[in-house]
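Summary of the model geometry
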Amino acid sequence: MVNPKIEESWKTILYDEFQKPYFEALKKFLVEEKAHHTIYPSGANIFAAFNHTPFEEVKVVILGQDPYHGAGQAHGLSFSVQEGVPHPPSLQNIFKELRDDLGCDIPQHGTLSAWAKQGVFLMNAVLTVRANEANSHRGRGWETFTDAVIRTLSEKKEHVVFILWGAPAGAKASLIDSQKHLILKAPHPSPLSSYRGFFGSKPFSKSNAYLEEHGKTPIKWALTSM
């Protein structure tokens, strides 16, 4: 039986997923990987998105692809880096769009935990990665798990904003009930694609307008210095 260290509301609502054969196989894969390779994020941070944002508090979902694979970067929240780590290019572009959308100053740090604590669920489609090898844990079972998370949020909650950047994230729209939720799709903030429509997509103001329209407290997107 797999019994991950994850926030209680998520552990309860995802209990059936943790008992399925694919999750047992995923756990065995990770044990084997950690025996021979450096894995990011640390074991304590694999479920950081869940631990920062309990199920009942989720208001906005920002879906990433897989964790940053450089030393000291990933800490379990999509697009976020640990304090003191330079902003990766995608995060730089997110902050530029935040500035242009809401007039927020670009923060000195790239840690998005303040968003997570307000109900922004920062989950990657794949929750682990081998050091210096992007997408190295793709196809090992994480996608089955995170698809179940998205489906569960769609089915059991109402009026959640799903922000899907890039084609892989955009494909997850099929898991979401667009009658109950707001889906915001745009190109990925990577420098390779950001100029195809990410800039000017205004996800932050659109999210807050939708939340307020449905009686929810908007997100304070501005990040102060830590």
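We now turn to the structure provided with this report.

Conventions adopted
Residues numbered from 1 in each chain as written. Predicted model: local features only at pLDDT ≥ 70, side-chain atom pairs only at ≥ 80, totals over all residues. Heavy atoms only, no water. Pairing = 2+ DSSP bridges. Helix = DSSP H or I, 4+ residues; strand = E, 2+ residues; numbered from the N terminus. Axes fitted to C-alpha atoms, helices over the stretch in contact; angles between N-to-C directions. Contact = heavy atoms within 4.5 Å. 1 Å grid on protein atoms, 1.4 Å probe; cavity = no way out; pocket = protein on both sides within 12 Å on 5 of 7 lines; lining within 4 Å. Points joined across faces, edges and corners; volume = space filled by probe spheres on them. Nonpolar A, V, L, I, M, F, W, Y, C, P; charged D, E, K, R; others polar. Buried < 20%, exposed > 50% of the residue type's maximum accessible area, 1.4 Å probe, protein only. Phe/Tyr/Trp six-rings, centres within 6.5 Å; stacked < 30°, edge-to-face > 60°. Lys NZ or Arg CZ within 6 Å of the ring centre and 35° of its normal.

As for the sheet that holds strand E3 (residues 120-124)
As summarised here, the arrangement of the four strands in space is E3-E2-E5-E6, forming an open sheet in which the pairing is parallel. A strand with exactly one partner marks an edge of an open sheet, and here the two such strands are E3 and strand E6 (182-186). Ignoring strand direction, the axes of neighbouring strands in this sheet form an average angle of 20°. The pairing of strand E5 (residues 161-165) with E6 spans five bridges and is parallel. In the strand pairing of E6, Ile163 is matched with Leu184. Lying over the sheet, helix H9 (residues 203-213) contacts strand E2 (60-64), E5 and E6, oriented at roughly 165° with respect to E5.

Digging into the layout of surface pockets
As a volume, the largest pocket reaches approximately 440 Å³. In terms of lining, the largest pocket is formed by 28 residues, of which the most central are Gln65, Asp66, Pro67, Tyr68 and His69. Counting only elements with at least two residues in the lining of the largest pocket, the list comes to helix H5 (89-102) and E3. The leading source of residues in the lining of the largest pocket is E3, at three residues. Of the residues that constitute the lining of the largest pocket, the class distribution is 13 nonpolar, 14 polar and one charged. If you add up the space inside the second largest pocket, you get close to 380 Å³. Taken together, 16 residues line the second largest pocket, and the ones lying closest to its centre are Pro4, Lys5, Gly43, Ile46 and Phe47. Among the elements that take part in the lining of the second largest pocket, helix H3 (residues 21-36) stands out by supplying six residues, more than any other. Across the lining of the second largest pocket, the residue classes break down as 10 nonpolar, three polar and three charged.

Re the pairing of E5
Two faces make up the sheet, and in a regular strand the side chains alternate between them. Within E5, five of the five residues are buried, leaving the element largely enclosed by the surrounding structure. The side-chain alternation of E5 yields two buried faces, one formed by Val161, Ile163 and Trp165 and the other by Phe162 and Leu164. Across four bridges, E2 lies against E5 in parallel orientation. Following the sheet pairing, Ile62 is matched in E5 by Ile163.

A short note on the packing of aromatic side chains
Counting across every chain of the model gives 21 aromatic pairs. Members of the aromatic cluster, connected to one another through ring pairs, are Trp10, Phe18, Tyr22, Phe23, Phe47, Phe50, Phe55, Phe121, Trp142 and Phe145. Positioned above the aromatic ring of Phe55, the side-chain terminus of Lys157 is 5.3 Å from the ring centre.

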